[in-house]
Amino acid sequence: MAPLSSANDDGDQVLINKNLFVRTLVLNKPRQLNALSYQMISKLLELFLAYEKDDNVKLVIMKGNGRAFCSGGDVTAVVHDIIRGNWRLGAKFFREEYILNYVMATYSKPQVSILNGIVMGGGAGASVHGRFRIATENSVFAMPETALGLFPDVGASYFLSRLPGFFGEYIGLTGARLDGAEMLACGIATHFVPSERLSSLEAALHKLDSGDPAIISAVVDEYSVQTYLKGKSILHMLDIINRCFSWRTIEEILSALEREAVKSSDDWISSTIQSLQKASPTSLLIRL
């Protein structure tokens, strides 16, 4: 196994592991939960574009160091730039990020994202567009932007709209969190692999000399397990979600939820109403 090397000179924020025809890119800002900086985005884009043209690279693996895959874009740094009058740096940040999302979504080579931890916002954009997304018992997924005065971007209007029923609207508006089993059940993840098997899975993937998705899928399948939704999983509420979040305005959605609250004392309904009421009204309108 080739040793990990730095992909930049700014605190080793991206590490590269080279194994035969496989390249593993490790997001390496564990104290910041691997929040994407401009340097990380720029380097990832550079690497993905280079690997696309490199016949010696047949598979790209993405993972994070620490307890997060990626908690999202480093919007704090962007806000600081804007406050200092450098709004163009923020514009450049988002431009590069969106280009990276597009490159991943249209990539000719398989991308395997190991989502063993927190996956939020920009972290979803750096993984969900790839062909293989591996969840574990440690996975936590969310699109929390409306609570921050932002809106789910990074291609979220594409992948959230393809979830069952109106589940994507629910996730995007409320910022609800999903565990690994829920990620698999709704289609955000393609596989569920226990974290104790990840090192063995990576070792098996490193030996591949093919980019054939069927071959890669067969390898991942060997380490995958069947998983089950918890009794209080929000996916069990999909009928109510469909009734309430199928409306086309926030006011109608809130009214529908309030009608459900009259018929049921379930805490989930009241917490969903509170989430919408606490979110940025402008963000909710943009998302819907």
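Small disclaimer: the values here were computed from a predicted structure and weren't measured.

**Q** What's the story with the sheet that holds strand β10 (residues 178-179) in this structure? I'm lost.
**A** As summarised here, the arrangement of the four strands in space is β5-β7-β9-β10, forming an open sheet in which the pairing is mixed. Two strands in the sheet have a free side with no partner beyond their single neighbour: β5 (68-70) and β10. Pairing of β5 with strand β7 (residues 118-120) involves two bridges; the strand directions are parallel. Its bridge partner lying in β7, C70 is registered against V119.

**Q** When you look at the pattern of salt bridges in this model, what are you seeing that I'm missing?
**A** A pair can form between side chains of opposite charge whenever their charged atoms are brought close. Within this structure, the stated rule accounts for eight salt bridges. Between E260 and K263 there is a salt bridge; the shortest N-O distance is 3.7 Å. Taken together, the residues E260 and K263, both in helix α11 (residues 250-263) and three residues apart, mark about one turn of the helix. Ionic contacts of the salt-bridge type, sharing partners, join the residues R243, E260 and K263 into one network.

**Q** Explain the side chain of K109 here, please?
**A** Looking at the element boundaries, K109 is found in the loop between α3 (87-105) and β6 (111-115). We note that K109 is buried and unpaired, the nearest opposite charge coming from D55 at a distance of 5.3 Å. Within polar-contact distance, the side chain of K109 engages the backbone oxygen of Y51 at 2.5 Å. At 2.7 Å, the side chain of K109 and the backbone oxygen of V57 are in polar contact. Not counting the four nearest positions on each side in its chain, K109 is found in contact with Y51, E52, D54, D55, V57 and K58.

**Q** Could you clarify how one ought to interpret the layout of surface pockets in this entry?
**A** In this approach a probe as big as a water molecule rolls over the atoms, and the regions it shows empty are the leftover space. Of the pockets and cavities examined, the largest pocket occupies roughly 370 Å³. G73, V75, E145, L148 and L150 are, among the 20 residues lining the largest pocket, the residues nearest its centre. Looking at the lining of the largest pocket, the elements that each hand over two or more residues are α2 (75-83) and α3. With four residues, the top contributor of residues to the lining of the largest pocket is α3. The residue makeup of the lining of the largest pocket, split by class, is 10 nonpolar, six polar and four charged. Reported here for the second largest pocket is a volume of approximately 190 Å³. Residue lining of the second largest pocket: 14 residues in total, with Y38, Q39, A77, D81 and F93 positioned closest to the centre. Secondary structure elements with two or more residues in the lining of the second largest pocket: α1 (38-53), α2 and α3.

What counts as what
Residues numbered from 1 in each chain as written. Predicted model: local features only at pLDDT ≥ 70, side-chain atom pairs only at ≥ 80, totals over all residues. Heavy atoms only, no water. Pairing = 2+ DSSP bridges. Helix = DSSP H or I, 4+ residues; strand = E, 2+ residues; numbered from the N terminus. Salt bridge = Lys/Arg side-chain N within 4 Å of Asp/Glu carboxyl O. Buried < 20%, exposed > 50% of the residue type's maximum accessible area, 1.4 Å probe, protein only. Lys, Arg positive; Asp, Glu negative; His and termini not counted. Polar contact = N/O pair within 3.5 Å; in protein donor to acceptor, adjacent residues only side chain to side chain. Contact = heavy atoms within 4.5 Å. 1 Å grid on protein atoms, 1.4 Å probe; cavity = no way out; pocket = protein on both sides within 12 Å on 5 of 7 lines; lining within 4 Å. Points joined across faces, edges and corners; volume = space filled by probe spheres on them. Nonpolar A, V, L, I, M, F, W, Y, C, P; charged D, E, K, R; others polar.

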